[in-house]
Amino acid sequence: MLEIQKIRQETADVVQRLTDKKVKDAEEKVTQILEADNERREWLIKLEQNRAEMNKIAKSIGQLMKSGQKEAAEAAKAQTAQIKADIKEYEEKVRLVEEKTQELLYSLPNLPHSSVPVGDHAEDNETIYQNDVKVEFSFKPQPHWELAKKHDIIDWERGVKLTGAGFPVYKGQGARLQRALITFFLDQAAEAGYTEIQPPLIINETSGYGTGQLPDKDGQMYHIGRDGFYLIPTAEVPITNLFRNEILKADQLPQKMCGYTPCFRREAGSYGAHVKGLNRLHQFDKVELVQIVHPEKSYEVLEQMTSYVERLLTQLGMPFRRLLLCTGDSSFTSAKTFDLEVFSAAQERWLEVSSISNFETYQSNRLKLRFRGEDKKTHLVHTLNGSALALPRIVASILENNQLEDGRIAVPEVLRPYTGFEFIG
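Residues numbered from 1 in each chain as written. Predicted model: local features only at pLDDT ≥ 70, side-chain atom pairs only at ≥ 80, totals over all residues. Heavy atoms only, no water.

Q: What's the story with a nonpolar patch on the surface in this structure? I'm lost.
A: A cluster of nonpolar side chains, contributed by L201, I202 and F229, occupies part of the molecular surface with about 230 Å² of accessible area. Along the chain, L201 falls in the loop between β4 (195-196) and β5 (202-203). On the accessibility criterion, L201 (32% relative accessible area) is partly exposed. (Patch = residues over 30% accessible without salt bridge, like charges linked within 9 Å, V, L, I, M, F, W, Y side chains within 5 Å. Areas by Shrake-Rupley, 256 points an atom, 1.4 Å probe, with all protein chains shown as cover. Salt bridge = Lys/Arg side-chain N within 4 Å of Asp/Glu carboxyl O. Helix = DSSP H or I, 4+ residues; strand = E, 2+ residues; numbered from the N terminus. Buried < 20%, exposed > 50% of the residue type's maximum accessible area, 1.4 Å probe, protein only.)

As C-alpha coordinates, this is what we get:
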(Lines give C-alpha, C1' and ligand atoms only; values in the text may rest on other atoms or scores of the structure.)
Protein backbone atom coordinates (compact mmCIF):
# COMPACT_ATOMS: atom_id res chain seq x y z
CA MET A 1 0.00 0.00 0.00
CA LEU A 2 1.00 3.62 -0.38
CA GLU A 3 3.00 5.27 2.38
CA ILE A 4 1.23 7.98 4.37
CA GLN A 5 4.37 10.10 4.46
CA LYS A 6 4.58 10.10 0.65
CA ILE A 7 0.90 10.99 0.31
CA ARG A 8 1.34 13.86 2.76
CA GLN A 9 4.55 15.22 1.22
CA GLU A 10 3.65 14.77 -2.46
CA THR A 11 -0.14 15.10 -2.41
CA ALA A 12 -0.64 16.72 -5.82
CA ASP A 13 1.69 14.26 -7.56
CA VAL A 14 0.03 11.28 -5.87
CA VAL A 15 -3.43 12.48 -6.96
CA GLN A 16 -2.25 12.96 -10.54
CA ARG A 17 -0.61 9.53 -10.77
CA LEU A 18 -3.65 7.84 -9.27
CA THR A 19 -5.78 9.66 -11.83
CA ASP A 20 -3.45 8.40 -14.56
CA LYS A 21 -4.12 4.90 -13.25
CA LYS A 22 -7.86 5.49 -13.71
CA VAL A 23 -8.76 5.81 -10.04
CA LYS A 24 -12.13 7.54 -9.80
CA ASP A 25 -12.35 10.46 -7.37
CA ALA A 26 -8.62 10.18 -6.62
CA GLU A 27 -8.44 13.61 -4.98
CA GLU A 28 -11.40 12.86 -2.72
CA LYS A 29 -9.92 9.52 -1.62
CA VAL A 30 -6.53 11.08 -0.87
CA THR A 31 -8.24 13.84 1.11
CA GLN A 32 -10.12 11.24 3.18
CA ILE A 33 -6.84 9.48 3.99
CA LEU A 34 -5.12 12.70 5.04
CA GLU A 35 -8.11 13.73 7.18
CA ALA A 36 -8.14 10.32 8.86
CA ASP A 37 -4.41 10.55 9.49
CA ASN A 38 -4.82 14.05 10.95
CA GLU A 39 -7.50 12.69 13.27
CA ARG A 40 -5.16 9.86 14.29
CA ARG A 41 -2.42 12.36 15.11
CA GLU A 42 -4.79 14.47 17.21
CA TRP A 43 -5.88 11.47 19.28
CA LEU A 44 -2.25 10.38 19.65
CA ILE A 45 -1.32 13.80 21.03
CA LYS A 46 -4.12 13.59 23.59
CA LEU A 47 -3.12 10.02 24.42
CA GLU A 48 0.54 10.93 25.00
CA GLN A 49 -0.41 14.00 27.04
CA ASN A 50 -2.59 11.87 29.33
CA ARG A 51 0.09 9.20 29.67
CA ALA A 52 2.62 11.87 30.61
CA GLU A 53 0.18 13.34 33.13
CA MET A 54 -0.46 9.87 34.56
CA ASN A 55 3.28 9.28 35.06
CA LYS A 56 3.67 12.68 36.70
CA ILE A 57 0.82 12.06 39.15
CA ALA A 58 2.01 8.53 39.90
CA LYS A 59 5.39 9.89 40.97
CA SER A 60 3.75 12.55 43.12
CA ILE A 61 1.59 10.00 44.98
CA GLY A 62 4.67 8.29 46.41
CA GLN A 63 6.14 11.60 47.51
CA LEU A 64 2.86 12.68 49.12
CA MET A 65 2.61 9.40 51.04
CA LYS A 66 6.18 9.75 52.28
CA SER A 67 5.53 13.28 53.51
CA GLY A 68 2.36 12.17 55.32
CA GLN A 69 -0.07 13.98 53.03
CA LYS A 70 -2.47 11.04 52.82
CA GLU A 71 -5.47 13.16 51.92
CA ALA A 72 -3.64 14.73 48.98
CA ALA A 73 -2.37 11.32 47.94
CA GLU A 74 -5.91 9.89 47.88
CA ALA A 75 -7.07 12.85 45.79
CA ALA A 76 -4.25 12.19 43.34
CA LYS A 77 -5.25 8.52 43.14
CA ALA A 78 -8.82 9.54 42.31
CA GLN A 79 -7.51 11.82 39.60
CA THR A 80 -5.54 8.97 38.02
CA ALA A 81 -8.72 6.86 37.78
CA GLN A 82 -10.28 9.46 35.45
CA ILE A 83 -7.07 9.77 33.43
CA LYS A 84 -6.94 5.98 33.03
CA ALA A 85 -10.48 6.05 31.66
CA ASP A 86 -9.52 8.82 29.24
CA ILE A 87 -6.42 6.89 28.11
CA LYS A 88 -8.53 3.81 27.42
CA GLU A 89 -10.98 5.91 25.40
CA TYR A 90 -8.19 7.57 23.39
CA GLU A 91 -6.50 4.22 22.68
CA GLU A 92 -9.77 2.95 21.25
CA LYS A 93 -10.14 6.14 19.17
CA VAL A 94 -6.63 5.65 17.78
CA ARG A 95 -7.33 1.99 17.00
CA LEU A 96 -10.55 2.79 15.14
CA VAL A 97 -9.06 5.63 13.09
CA GLU A 98 -6.01 3.49 12.23
CA GLU A 99 -8.33 0.75 10.96
CA LYS A 100 -10.21 3.33 8.90
CA THR A 101 -6.97 4.72 7.45
CA GLN A 102 -5.72 1.21 6.65
CA GLU A 103 -8.96 0.38 4.86
CA LEU A 104 -8.72 3.56 2.80
CA LEU A 105 -5.09 2.84 1.91
CA TYR A 106 -5.98 -0.71 0.85
CA SER A 107 -8.44 0.75 -1.65
CA LEU A 108 -5.74 2.65 -3.53
CA PRO A 109 -3.54 0.99 -6.18
CA ASN A 110 0.18 1.50 -6.54
CA LEU A 111 1.44 4.64 -8.26
CA PRO A 112 2.71 4.17 -11.81
CA HIS A 113 6.40 4.85 -12.39
CA SER A 114 7.19 8.04 -14.30
CA SER A 115 8.29 5.99 -17.34
CA VAL A 116 4.90 4.25 -17.67
CA PRO A 117 2.87 5.69 -20.58
CA VAL A 118 -0.49 7.22 -19.70
CA GLY A 119 -3.32 5.34 -21.39
CA ASP A 120 -6.73 3.82 -20.95
CA HIS A 121 -6.63 0.36 -22.54
CA ALA A 122 -4.34 -2.40 -23.84
CA GLU A 123 -4.27 -0.57 -27.18
CA ASP A 124 -2.24 2.16 -25.45
CA ASN A 125 0.57 -0.20 -24.42
CA GLU A 126 3.96 0.41 -26.03
CA THR A 127 5.76 -2.28 -28.05
CA ILE A 128 9.36 -2.12 -26.83
CA TYR A 129 10.80 -5.06 -28.77
CA GLN A 130 9.73 -7.79 -31.19
CA ASN A 131 12.01 -10.63 -32.29
CA ASP A 132 12.34 -11.69 -35.89
CA VAL A 133 10.98 -15.25 -35.56
CA LYS A 134 8.15 -15.78 -38.02
CA VAL A 135 5.86 -18.78 -38.38
CA GLU A 136 4.48 -19.41 -41.84
CA PHE A 137 2.50 -22.38 -43.11
CA SER A 138 1.91 -23.83 -46.55
CA PHE A 139 -1.34 -25.27 -45.19
CA LYS A 140 -4.19 -24.05 -42.98
CA PRO A 141 -2.96 -24.37 -39.36
CA GLN A 142 -5.29 -25.70 -36.69
CA PRO A 143 -5.87 -24.07 -33.28
CA HIS A 144 -4.45 -25.90 -30.29
CA TRP A 145 -7.81 -27.15 -29.00
CA GLU A 146 -8.31 -29.09 -32.24
CA LEU A 147 -4.73 -30.36 -32.26
CA ALA A 148 -5.01 -31.50 -28.63
CA LYS A 149 -8.16 -33.45 -29.41
CA LYS A 150 -6.68 -34.91 -32.58
CA HIS A 151 -3.60 -36.25 -30.76
CA ASP A 152 -5.54 -37.15 -27.60
CA ILE A 153 -3.23 -35.18 -25.30
CA ILE A 154 -5.81 -33.01 -23.52
CA ASP A 155 -9.25 -34.19 -22.44
CA TRP A 156 -11.56 -31.20 -22.19
CA GLU A 157 -14.80 -33.12 -21.68
CA ARG A 158 -13.60 -35.24 -18.78
CA GLY A 159 -12.13 -32.16 -17.13
CA VAL A 160 -15.61 -30.64 -17.21
CA LYS A 161 -17.01 -33.86 -15.74
CA LEU A 162 -14.47 -33.87 -12.91
CA THR A 163 -14.70 -30.20 -12.01
CA GLY A 164 -16.04 -27.85 -14.68
CA ALA A 165 -14.95 -25.69 -17.59
CA GLY A 166 -11.39 -24.39 -17.30
CA PHE A 167 -9.97 -27.55 -15.69
CA PRO A 168 -8.43 -29.63 -18.53
CA VAL A 169 -7.00 -33.12 -18.08
CA TYR A 170 -3.54 -33.56 -19.64
CA LYS A 171 -2.68 -37.08 -20.72
CA GLY A 172 0.05 -39.05 -22.46
CA GLN A 173 2.39 -36.81 -24.43
CA GLY A 174 0.44 -33.76 -23.23
CA ALA A 175 1.20 -34.57 -19.59
CA ARG A 176 4.84 -35.26 -20.41
CA LEU A 177 5.13 -31.96 -22.30
CA GLN A 178 3.78 -30.15 -19.23
CA ARG A 179 6.25 -31.90 -16.95
CA ALA A 180 9.10 -31.19 -19.39
CA LEU A 181 8.33 -27.47 -19.46
CA ILE A 182 8.14 -27.23 -15.66
CA THR A 183 11.47 -29.01 -15.19
CA PHE A 184 13.13 -27.00 -17.97
CA PHE A 185 11.98 -23.69 -16.47
CA LEU A 186 13.11 -24.69 -12.97
CA ASP A 187 16.49 -25.88 -14.23
CA GLN A 188 17.02 -22.61 -16.07
CA ALA A 189 16.06 -20.61 -12.98
CA ALA A 190 18.52 -22.58 -10.85
CA GLU A 191 21.30 -21.83 -13.35
CA ALA A 192 20.39 -18.14 -13.11
CA GLY A 193 20.87 -18.18 -9.32
CA TYR A 194 17.29 -18.54 -8.11
CA THR A 195 16.61 -20.65 -5.03
CA GLU A 196 13.78 -23.09 -5.64
CA ILE A 197 10.89 -22.86 -3.18
CA GLN A 198 8.02 -25.33 -2.86
CA PRO A 199 5.39 -23.30 -0.98
CA PRO A 200 1.91 -24.22 0.28
CA LEU A 201 -0.89 -23.95 -2.28
CA ILE A 202 -3.22 -22.51 0.36
CA ILE A 203 -2.70 -19.15 2.08
CA ASN A 204 -4.32 -17.32 4.97
CA GLU A 205 -6.03 -13.96 4.63
CA THR A 206 -3.01 -12.06 5.97
CA SER A 207 -0.84 -13.39 3.15
CA GLY A 208 -3.45 -12.30 0.60
CA TYR A 209 -3.40 -8.77 2.02
CA GLY A 210 0.39 -8.81 2.21
CA THR A 211 0.96 -8.96 -1.54
CA GLY A 212 -2.14 -7.00 -2.53
CA GLN A 213 -4.43 -9.73 -3.87
CA LEU A 214 -6.85 -8.81 -1.09
CA PRO A 215 -9.10 -6.98 -1.04
CA ASP A 216 -8.68 -6.05 -4.73
CA LYS A 217 -8.88 -9.57 -6.24
CA ASP A 218 -11.15 -11.19 -3.67
CA GLY A 219 -13.72 -12.10 -6.33
CA GLN A 220 -11.12 -13.85 -8.48
CA MET A 221 -9.71 -16.07 -5.74
CA TYR A 222 -11.06 -19.42 -4.58
CA HIS A 223 -12.04 -19.03 -0.93
CA ILE A 224 -12.17 -21.96 1.51
CA GLY A 225 -14.94 -20.52 3.65
CA ARG A 226 -14.86 -22.92 6.58
CA ASP A 227 -11.18 -22.24 7.31
CA GLY A 228 -10.87 -18.71 5.94
CA PHE A 229 -8.08 -19.80 3.58
CA TYR A 230 -7.55 -19.10 -0.13
CA LEU A 231 -6.15 -21.19 -2.98
CA ILE A 232 -3.13 -19.33 -4.35
CA PRO A 233 -3.58 -17.36 -7.61
CA THR A 234 0.19 -17.51 -8.16
CA ALA A 235 3.34 -18.63 -6.31
CA GLU A 236 4.21 -14.95 -5.91
CA VAL A 237 1.89 -14.76 -2.91
CA PRO A 238 3.33 -17.42 -0.59
CA ILE A 239 6.94 -16.88 -1.71
CA THR A 240 6.92 -13.10 -1.14
CA ASN A 241 5.14 -13.58 2.18
CA LEU A 242 8.00 -15.77 3.43
CA PHE A 243 9.68 -12.60 4.70
CA ARG A 244 6.61 -10.82 6.07
CA ASN A 245 7.32 -8.84 9.27
CA GLU A 246 11.07 -9.36 8.96
CA ILE A 247 14.05 -7.02 8.90
CA LEU A 248 16.79 -8.30 6.58
CA LYS A 249 20.43 -7.36 6.69
CA ALA A 250 21.70 -5.39 3.73
CA ASP A 251 23.99 -8.27 2.75
CA GLN A 252 20.95 -10.58 2.56
CA LEU A 253 19.76 -8.69 -0.51
CA PRO A 254 18.85 -9.61 -3.13
CA GLN A 255 16.67 -12.60 -2.32
CA LYS A 256 16.17 -14.52 -5.59
CA MET A 257 13.53 -17.24 -5.43
CA CYS A 258 11.54 -19.31 -7.87
CA GLY A 259 8.74 -21.78 -7.45
CA TYR A 260 6.53 -24.10 -9.46
CA THR A 261 2.90 -24.33 -8.37
CA PRO A 262 -0.53 -24.90 -9.77
CA CYS A 263 -2.43 -21.61 -9.79
CA PHE A 264 -6.15 -21.12 -9.17
CA ARG A 265 -8.24 -18.24 -10.51
CA ARG A 266 -11.99 -17.96 -10.77
CA GLU A 267 -11.77 -15.56 -13.76
CA ALA A 268 -15.42 -14.67 -13.22
CA GLY A 269 -17.17 -13.25 -16.28
CA SER A 270 -14.63 -14.49 -18.86
CA TYR A 271 -16.36 -15.82 -21.95
CA GLY A 272 -15.92 -15.98 -25.73
CA ALA A 273 -13.42 -17.25 -28.28
CA HIS A 274 -10.49 -15.45 -26.63
CA VAL A 275 -10.75 -17.78 -23.63
CA LYS A 276 -11.23 -21.00 -25.62
CA GLY A 277 -9.01 -24.02 -25.01
CA LEU A 278 -5.90 -23.18 -22.98
CA ASN A 279 -6.19 -19.43 -23.44
CA ARG A 280 -7.73 -18.90 -20.01
CA LEU A 281 -8.10 -21.54 -17.30
CA HIS A 282 -9.23 -21.74 -13.70
CA GLN A 283 -6.31 -24.04 -12.80
CA PHE A 284 -2.95 -23.88 -14.54
CA ASP A 285 0.74 -24.51 -13.88
CA LYS A 286 3.36 -21.79 -13.65
CA VAL A 287 6.95 -21.24 -12.63
CA GLU A 288 7.27 -17.89 -10.87
CA LEU A 289 10.29 -15.70 -10.17
CA VAL A 290 10.38 -13.44 -7.10
CA GLN A 291 13.10 -11.00 -6.09
CA ILE A 292 13.43 -8.89 -2.95
CA VAL A 293 16.00 -6.17 -3.62
CA HIS A 294 17.58 -2.92 -2.51
CA PRO A 295 15.41 0.02 -3.68
CA GLU A 296 18.26 1.54 -5.68
CA LYS A 297 18.58 -1.60 -7.82
CA SER A 298 14.98 -2.59 -8.52
CA TYR A 299 14.68 -1.14 -12.02
CA GLU A 300 17.96 -2.67 -13.05
CA VAL A 301 16.61 -5.99 -11.73
CA LEU A 302 13.32 -5.50 -13.61
CA GLU A 303 15.25 -5.30 -16.86
CA GLN A 304 17.35 -8.33 -15.95
CA MET A 305 14.29 -10.41 -15.12
CA THR A 306 12.53 -9.42 -18.34
CA SER A 307 15.59 -10.24 -20.45
CA TYR A 308 15.85 -13.60 -18.68
CA VAL A 309 12.27 -14.55 -19.61
CA GLU A 310 12.91 -13.39 -23.18
CA ARG A 311 15.83 -15.83 -23.34
CA LEU A 312 13.50 -18.66 -22.33
CA LEU A 313 11.19 -17.78 -25.20
CA THR A 314 14.16 -17.58 -27.57
CA GLN A 315 15.29 -21.05 -26.48
CA LEU A 316 11.81 -22.35 -27.23
CA GLY A 317 11.91 -20.74 -30.67
CA MET A 318 8.88 -18.56 -30.01
CA PRO A 319 7.91 -15.43 -31.94
CA PHE A 320 7.46 -12.89 -29.14
CA ARG A 321 7.26 -9.21 -28.32
CA ARG A 322 7.77 -7.10 -25.20
CA LEU A 323 5.12 -4.56 -24.19
CA LEU A 324 5.34 -1.77 -21.63
CA LEU A 325 1.91 -1.59 -20.07
CA CYS A 326 0.19 1.78 -19.90
CA THR A 327 -1.30 3.20 -16.70
CA GLY A 328 -4.81 1.97 -17.50
CA ASP A 329 -3.69 -1.60 -18.24
CA SER A 330 -1.26 -2.01 -15.33
CA SER A 331 -2.21 -4.20 -12.39
CA PHE A 332 -3.48 -2.81 -9.09
CA THR A 333 -0.19 -3.48 -7.28
CA SER A 334 2.38 -2.76 -10.00
CA ALA A 335 4.49 0.37 -10.45
CA LYS A 336 5.80 -0.80 -13.83
CA THR A 337 5.09 -3.95 -15.83
CA PHE A 338 6.46 -5.54 -18.97
CA ASP A 339 4.25 -8.12 -20.68
CA LEU A 340 5.73 -10.74 -22.99
CA GLU A 341 3.42 -12.09 -25.66
CA VAL A 342 3.89 -14.92 -28.16
CA PHE A 343 2.25 -14.91 -31.56
CA SER A 344 -0.16 -17.68 -32.41
CA ALA A 345 -0.17 -18.16 -36.16
CA ALA A 346 -3.19 -20.45 -35.95
CA GLN A 347 -5.28 -17.98 -33.91
CA GLU A 348 -3.66 -15.00 -35.66
CA ARG A 349 -3.21 -13.05 -32.44
CA TRP A 350 -0.77 -12.33 -29.64
CA LEU A 351 -1.06 -14.30 -26.39
CA GLU A 352 0.30 -13.00 -23.09
CA VAL A 353 2.62 -15.57 -21.49
CA SER A 354 4.43 -13.51 -18.86
CA SER A 355 4.13 -10.35 -16.80
CA ILE A 356 7.23 -9.03 -15.05
CA SER A 357 6.52 -6.28 -12.50
CA ASN A 358 8.24 -3.97 -10.06
CA PHE A 359 6.03 -3.19 -7.08
CA GLU A 360 8.57 -0.84 -5.45
CA THR A 361 7.48 -0.49 -1.77
CA TYR A 362 3.77 -1.20 -2.34
CA GLN A 363 3.95 -4.83 -1.19
CA SER A 364 6.76 -4.40 1.33
CA ASN A 365 4.81 -1.66 3.14
CA ARG A 366 1.90 -4.09 3.55
CA LEU A 367 4.28 -6.90 4.51
CA LYS A 368 6.32 -4.71 6.88
CA LEU A 369 9.32 -6.17 5.07
CA ARG A 370 12.42 -4.05 5.60
CA PHE A 371 16.20 -4.09 5.57
CA ARG A 372 18.72 -2.32 7.78
CA GLY A 373 20.85 0.04 5.76
CA GLU A 374 24.35 1.39 6.27
CA ASP A 375 22.76 4.29 8.19
CA LYS A 376 21.59 1.69 10.77
CA LYS A 377 17.98 2.66 10.00
CA THR A 378 15.34 0.34 8.56
CA HIS A 379 14.00 0.90 5.04
CA LEU A 380 11.35 -0.81 2.95
CA VAL A 381 12.69 -3.17 0.30
CA HIS A 382 11.43 -3.32 -3.29
CA THR A 383 9.72 -6.50 -4.49
CA LEU A 384 9.47 -7.86 -8.04
CA ASN A 385 7.98 -10.93 -9.64
CA GLY A 386 7.56 -12.45 -13.08
CA SER A 387 6.15 -15.52 -14.80
CA ALA A 388 8.90 -17.77 -16.11
CA LEU A 389 6.67 -19.12 -17.45
CA ALA A 390 2.91 -19.74 -17.34
CA LEU A 391 2.34 -23.03 -19.14
CA PRO A 392 -1.10 -22.96 -20.83
CA ARG A 393 -0.37 -20.44 -23.56
CA ILE A 394 3.17 -21.73 -23.97
CA VAL A 395 1.73 -25.20 -24.63
CA ALA A 396 -0.88 -23.67 -26.95
CA SER A 397 1.85 -21.83 -28.89
CA ILE A 398 4.08 -24.92 -29.14
CA LEU A 399 1.18 -26.93 -30.52
CA GLU A 400 0.02 -24.27 -32.95
CA ASN A 401 3.34 -22.85 -34.18
CA ASN A 402 5.16 -26.19 -34.45
CA GLN A 403 2.52 -28.19 -36.32
CA LEU A 404 3.66 -29.92 -39.48
CA GLU A 405 1.84 -30.64 -42.70
CA ASP A 406 1.86 -34.38 -41.98
CA GLY A 407 -0.14 -33.71 -38.80
CA ARG A 408 2.64 -34.15 -36.26
CA ILE A 409 3.87 -31.43 -33.88
CA ALA A 410 7.60 -30.82 -33.46
CA VAL A 411 8.80 -30.49 -29.87
CA PRO A 412 11.27 -27.60 -29.34
CA GLU A 413 14.81 -28.96 -29.32
CA VAL A 414 15.61 -27.76 -25.79
CA LEU A 415 12.67 -29.78 -24.44
CA ARG A 416 13.49 -33.09 -26.12
CA PRO A 417 15.88 -34.31 -23.39
CA TYR A 418 12.99 -33.73 -20.96
CA THR A 419 10.12 -35.18 -23.02
CA GLY A 420 11.99 -38.17 -24.41
CA PHE A 421 10.34 -37.64 -27.82
CA GLU A 422 10.81 -35.28 -30.76
CA PHE A 423 7.26 -35.21 -32.11
CA ILE A 424 3.73 -35.32 -30.78
CA GLY A 425 1.61 -37.67 -32.87
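Right, picking up where we left off after that structure.
Q: So what exactly am I meant to see when it comes to the nonpolar core here?
A: As a rule of thumb, soluble globular proteins bury nonpolar side chains together. Grouped together as the largest cluster of nonpolar side chains are 53 residues, with contacts concentrated most on L181, F185, L313 and I394. For I394, the residues in contact, after removing those within four places along its chain, are L181, L313, L316, M318, V353 and L389. Listed in part, the 21 residues of the second largest apolar core include V14, V23, V97 and Y362. (Core = buried A, V, L, I, M, F, W, Y, C linked by side-chain atoms within 4.5 Å. Contact = heavy atoms within 4.5 Å.)

Q: What's the story with the side chain of T361 in this structure? I'm lost.
A: Relative to the assigned elements, T361 resides in the loop between β13 (349-360) and α11 (362-367). Once residues lying within four places of it in the same chain are set aside, the contact partners of T361 are M1, E3, L380, V381 and H382.

Q: Honestly, the packing of helix α7 (residues 173-191) against helix α10 (residues 298-315) in this entry has me stumped. Any pointers?
A: Axis angle and axis distance: for two packed helices, these are the angle between their axes and the distance between the axes, and together they describe the pair. At a minimum axis separation of 12 Å, α7 and α10 run at an interaxial angle of 135 degrees. One way to sum up the angle between α7 and α10 is to call them oblique. In the crossing of α7 with α10, the sense of the turn from one axis to the other is right-handed. Residues F184, F185, Q188 and A189 of α7 pack against Y308, L312 and Q315 of α10. Of the residues belonging to the contact of α7 with α10, the class tally is five nonpolar, two polar and no charged. (Axes fitted to C-alpha atoms, helices over the stretch in contact; angles between N-to-C directions. Parallel < 35°, antiparallel > 145°, perpendicular 65-115°, else oblique. Left-handed = near helix turned anticlockwise from the far one by under 90°. Nonpolar A, V, L, I, M, F, W, Y, C, P; charged D, E, K, R; others polar.)

Q: How should the side chain of T337 be read in this particular structure?
A: Position of T337 relative to the elements: it lies in strand β12 (residues 336-344). Side-chain polar atoms of T337 contact the side chain of S334, separated by 2.5 Å. Beyond its immediate stretch of four places on either side in the chain, T337 contacts L323, L324, L325, S355, I356 and S357. (Polar contact = N/O pair within 3.5 Å; in protein donor to acceptor, adjacent residues only side chain to side chain.)

Q: I keep staring at the sheet that holds β5 and nothing clicks. Help me out?
A: A sheet is described by the order of its strands in space; here three strands give the open sequence β5-β7-β6, paired in antiparallel fashion. Bordering the open sheet on either side are β5 and β6 (223-224), each of which pairs with just one other strand. Here β6 runs beside strand β7 (residues 229-231); their pairing, made up of two bridges, is antiparallel. Within β7, the residue paired with H223 across the bridge is Y230. (Pairing = 2+ DSSP bridges.)

Q: How do you make sense of the pairing of strand β9 (residues 255-264) when you look at a structure like this?
A: The buried fraction of β9 amounts to eight of the ten residues, a majority that puts the element mostly inside the structure. Looking at chain direction, β4 and β9 are connected through two bridges and run parallel. What sits directly across from T195, in β9, is M257.

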